[in-house]
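Breakdown of the fold
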Amino acid sequence: MEVETRRDGAVLTITLNRPEVLNALNEAMHEGLAGALQQAVEQDVRAVVITGAGRGFCVGADVSELPREPQAIGELLRSRFNPNIRMICRLEKPVIAAVNGPAAGAGLALAMACDLRLAAESASFVPAFLGIGLVPDSGLTHTLPRVIGPAAAFEWLVSGRRMAAADAAERGLVSRVVPDDELAAATTALTDDLVRKPTVAVGLTKRLIGHAGEITLDEQLDLEAKLQAVAAGTMDFAEGIAAFLEKRPPDFTGR
């Protein structure tokens, strides 16, 4: 299987599984990722992890399978790459990229589409696109400038240079860098914390941040009020208030 899934309680782990080619994206992997992300929509999934098998996270498109006809490349993005990026960005629960090795091209874009990124010390990040005469795609020109700023994003994308994990952490691309053999444990610790949160409120917070750079302050204030009413209608809000009044930790269920 080009994409494997595993459930550990409320956590869904999605593993890209073409280690012999550093998890380069081919047709079967696109289909497998789409199917895995459909599982992530289920209500009892409260956090999602995306990682790679072997020594790589994902080095982007399998260049050997890229069409050479210009319009066909555009259609490939529309039909295969873009739907999965949209799904990750619109999934109203936290998505963590556990970057275990090189993330290049569309693999970098896949990691940047996630909400949080943990990196192994051996991980690296490479824009790669201009090196073969293409522009960045898979949402990278949207997600990257939001993290490091437009000028820094442009400079790095045009340079195409490799960025080590430590540098990525310094630039804010990743939340934390850990030794390779501690990545799984660090990811589990993070997801254990996230699944104890009020999942609906977490997802609505993700939506608010996603819209923040695209609408006016007045529109954002209205959206906050609208979504606050949604959060206030959850069982977790009632539990949060009860726990506060009773001076105990809340026991959120994600509903």
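Above: the structure in question.
Residues numbered from 1 in each chain as written. Predicted model: local features only at pLDDT ≥ 70, side-chain atom pairs only at ≥ 80, totals over all residues. Heavy atoms only, no water.

1. Observations regarding the layout of surface pockets
- In this structure, the largest pocket occupies an estimated 950 Å³ of space.
- If you go around the largest pocket, you meet 30 residues; those closest to its centre are Cys 89, Asp 115, Arg 146, Lys 206 and Gly 210.
- Among the secondary structure elements, those contributing two or more residues to the lining of the largest pocket are α2 (70–90), α3 (106–113), β6 (116–120), α4 (140–148) and α8 (199–212).
- Here the element with the most residues in the lining of the largest pocket is α8; it accounts for seven residues.
- Split into classes, the residues belonging to the lining of the largest pocket amount to 12 nonpolar, eight polar and 10 charged. (1 Å grid on protein atoms, 1.4 Å probe; cavity = no way out; pocket = protein on both sides within 12 Å on 5 of 7 lines; lining within 4 Å. Points joined across faces, edges and corners; volume = space filled by probe spheres on them. Helix = DSSP H or I, 4+ residues; strand = E, 2+ residues; numbered from the N terminus. Nonpolar A, V, L, I, M, F, W, Y, C, P; charged D, E, K, R; others polar.)

2. Some words on a negative patch on the surface
- Among the surface-exposed residues, Glu 121, Asp 180, Asp 181 and Glu 182 lie close enough to one another that they form a single negatively charged patch.
- With respect to the element layout, Glu 121 can be found in the loop between β6 and β7 (124–126).
- Relative accessible area serves as the criterion here: at 52%, Glu 121 is assigned to the exposed category. (Patch = residues over 30% accessible without salt bridge, like charges linked within 9 Å, V, L, I, M, F, W, Y side chains within 5 Å. Areas by Shrake-Rupley, 256 points an atom, 1.4 Å probe, with all protein chains shown as cover. Salt bridge = Lys/Arg side-chain N within 4 Å of Asp/Glu carboxyl O. Lys, Arg positive; Asp, Glu negative; His and termini not counted. Charge placed at Lys NZ, Arg CZ, Asp CG, Glu CD. Buried < 20%, exposed > 50% of the residue type's maximum accessible area, 1.4 Å probe, protein only.)

3. Considering the sheet that holds strand β1 (residues 3–8)
- Strand order in the open sheet made by the six strands is β1-β2-β3-β4-β6-β9, with mixed pairing throughout. With partners counted over all chains shown, the strands left at the sheet margins are β1 and β9 (176–178), one partner each. For this sheet the average axis-to-axis angle between neighbouring strands, irrespective of direction, equals 20°.
- Pairing between β1 and strand β2 (residues 11–16): six bridges, direction antiparallel. The residue bridging Thr 5 from the neighbouring strand is Ile 14, located in β2.
- Sheet contacts for helix α7 (residues 183–194): β2, β3 (47–52), β4 (95–99), β6 and β9; angle to β6, the most-contacted strand, approximately 160°. (Pairing = 2+ DSSP bridges. Axes fitted to C-alpha atoms, helices over the stretch in contact; angles between N-to-C directions. Contact = heavy atoms within 4.5 Å.)

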